[in-house]
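Remarks on the overall topology
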Amino acid sequence: MDIRNVLVAGAGQMGSGIAQVAAQAGLEVLLYDIAEEFTQRGLSGIRKNLARSVEKGRLTQAEMDEVLGRIRTSTDLDQAAACDMAIEAVTENLQVKLDLFRRLDEILPAHAILASNTSSLPITQLAAVTGRPEQVIGMHFMNPVPVMKLVEVIRGLATADAVYEAVKTLAERMGKTTVEVRDFPGFVSNRVLMPMINEAIYCVYEGVASVEDVDQVMKLGMNHPMGPLTLADFIGLDTCLAILEVLYEGFGDPKYRPCPLLRQYVQAGWLGKKTGRGFYQYT
């Protein structure tokens, strides 16, 4: 299965990172979002990342220019009609993703693969709204995409073996290491990570320790590169809450119940680094 042209739907932090590594792997990339300001912001982030690599001697200026030359932006999804694959990286909202998959199924050619970068939502449910469920798969990148090596490749109930192999090969072409995961809430990464983050928030909520001390315990005691509350701010507290709610609903197990303090922070608009305030304040 030859994949040459890729649509990346969603030009936020994850989508722009996926677009960058795809273009660096030699693919022609269409970076789509609903407004030009979003696509341009995404493209600007890609330029900054590549320029940093040039400064550090990892890329030449000519190589940077070639990568950027393989990325075009659009607010018109119909321009994806010639793409061999779509990678969806929009907001972690099931209805938004379902609506997008219906549209992609109509627009993309019959041979095209539809992949989702969802961090927790069911691939099988996304596939069910298309006429090609065997060509729908999960491709969960880690953040920041250009740096992190892992991609979870998630088979839906109907995903064909040939589609899995094509996506695994594509991820490896992007310089990633893949793991094969079955379609369960949270997959592996967030099924393990989010309860840890949630329990760290409970430690703060219950007055067991301060934010800084909870993070210090996990950094110095468990050798984690950053504390769970710092990581939650980096991921986005709204995203953490959304994933925990998927886990809680999907398994019906109280161990996944989101901490009330997390809900309160999200209600306050304290979403972490992206809004300037979460468990820490950012200037």
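Residues numbered from 1 in each chain as written. Predicted model: local features only at pLDDT ≥ 70, side-chain atom pairs only at ≥ 80, totals over all residues. Heavy atoms only, no water.

Both faces of the sheet carry side chains from a regular strand, because those side chains alternate between them. Of all 5 residues making up strand 2 (residues 28–32), 4 are buried, and the element is well covered by its neighbours. Sheet topology note: the strand 1 (residues 5–9)/strand 2 ladder contains 5 bridges and is parallel. When the bridges of strand 2 are listed, Leu7 appears paired with Leu30. Strand direction decides the pairing type here: strand 2 and strand 3 (residues 71–74), joined by 4 bridges, are parallel. Bridging across to strand 3, Val29 finds its partner in Ile71. (Buried < 20%, exposed > 50% of the residue type's maximum accessible area, 1.4 Å probe, protein only. Helix = DSSP H or I, 4+ residues; strand = E, 2+ residues; numbered from the N terminus. Pairing = 2+ DSSP bridges.)

This part covers unusual backbone geometry. For residues other than glycine, phi is negative in most cases, and the peptide bonds are mostly trans. Following Asn143, the chain continues to Pro144 via a peptide bond in cis, the omega torsion being 0°. Looking at the secondary structure, you find Pro144 in the loop between strand 6 (136–141) and strand 7 (150–155). Positive phi is not limited to glycine here, since Phe187 has a value of about 55°. Residue position: Phe187 is located in the loop between strand 8 (177–182) and helix 7 (189–205).

A few words now on the side chain of Asn198. Within the element layout of this structure, Asn198 appears in helix 7. At 2.8 Å, the side chain of Asn198 and the backbone oxygen of Arg257 are in polar contact. Here the side chain of Asn198 touches Cys259 through a polar contact of 2.9 Å, landing on its backbone nitrogen. Not counting residues up to four positions away in its chain, the partners in contact with Asn198 are Leu244, Lys255, Tyr256, Arg257, Pro258, Cys259 and Leu262. (Polar contact = N/O pair within 3.5 Å; in protein donor to acceptor, adjacent residues only side chain to side chain. Contact = heavy atoms within 4.5 Å.)

Formed by 40 residues in total, the largest nonpolar core has its most connected members in Met85, Met139, Phe141 and Met174. Residue contacts for Met174: discarding those within four places in its chain leaves Val21, Ala22, Ala25, Leu27, Ile87, Met139 and Phe141. (Core = buried A, V, L, I, M, F, W, Y, C linked by side-chain atoms within 4.5 Å.)

Mapped onto the present numbering, the UniProt feature "domain: 3-hydroxyacyl-CoA dehydrogenase NAD binding" (unreviewed entry) falls on residues 6–183. In residues 6–183, the share of helix is 42% and the share of strand is 22%. The end C-alpha atoms are 23 Å apart. (UniProt positions renumbered as here; feature names shortened; annotations may be inferred.)

Looking now at the pattern of salt bridges. Oppositely charged side chains can form a pair if their charged atoms are brought close together. In total, this model carries 11 salt bridges according to the counting rule given. The shortest N-O distance in the salt bridge between Arg155 and Glu180 comes to 2.7 Å. Of this pair, Arg155 sits in strand 7 while Glu180 sits in strand 8, placing them 25 residues apart in sequence. You can call Arg155 partly exposed: its relative accessible area is 21%. Classification of Glu180 by relative accessible area gives partly exposed; the value is 48%. The salt bridge partner of Asp238 is Lys274, with a shortest N-O separation of 2.9 Å. Linking Asp238 in helix 10 (residues 237–251) with Lys274 in the segment after helix 11 (260–268), this pair joins segments that are 36 residues apart in sequence. For Asp238, a relative accessible area of 26% corresponds to the partly exposed category. Sharing partners across several salt bridges, the network here consists of Glu88, Glu92 and Lys97. (Salt bridge = Lys/Arg side-chain N within 4 Å of Asp/Glu carboxyl O.)

A separate point is the sheet that holds strand 6. Read across the open sheet, the 8 strands follow the order 3-2-1-4-5-6-7-8; overall the sheet is mixed. Each edge of the open sheet is held by one strand with a lone partner, namely strand 3 and strand 8. Averaged over all neighbouring strand pairs, the angle between strand axes comes to 25°, with direction disregarded. Of the pairings in the sheet, the one linking strand 5 (residues 113–116) to strand 6 comprises 3 bridges and is parallel in character. If you follow Ala115 over to strand 6, its bridge partner there is Ile137. Relative to strand 5, helix 4 (residues 94–107) is tilted by about 165°, and along the sheet it contacts strand 1, strand 2, strand 4 (85–88), strand 5 and strand 6. (Axes fitted to C-alpha atoms, helices over the stretch in contact; angles between N-to-C directions.)

Okay, the domain arrangement of the chain next. When the parts come together, some accessible area is lost, and that loss is often what is quoted as the size of the interface. Taken domain by domain, the chain consists of domain 1 (5–182) and domain 2 (190–273). One C-alpha centre belongs to domain 1, the other to domain 2, and the line joining them spans 27 Å. The interface is formed by 8 residues belonging to domain 1 together with 5 residues belonging to domain 2. In this assembly, domain 1 packs against domain 2 so that about 530 Å² is buried in total across both faces, 61% of it on carbon and sulfur atoms. Contact with domain 2 buries area across many residues of domain 1, yet Glu92, Ser119 and Ser120 alone supply 57% of it, more than any other trio. Along the contact surface separating domain 1 from domain 2 lie 0 salt bridges. For the pair domain 1 and domain 2, the number of links is 1 residue pair in polar contact (both at pLDDT 80 or more). Considering only residue class, the side of domain 1 that touches domain 2 consists of 2 nonpolar, 5 polar and 1 charged. (Domains from an automatic or database assignment. Buried area = accessible area lost by both parts, 1.4 Å probe. Nonpolar A, V, L, I, M, F, W, Y, C, P; charged D, E, K, R; others polar.)

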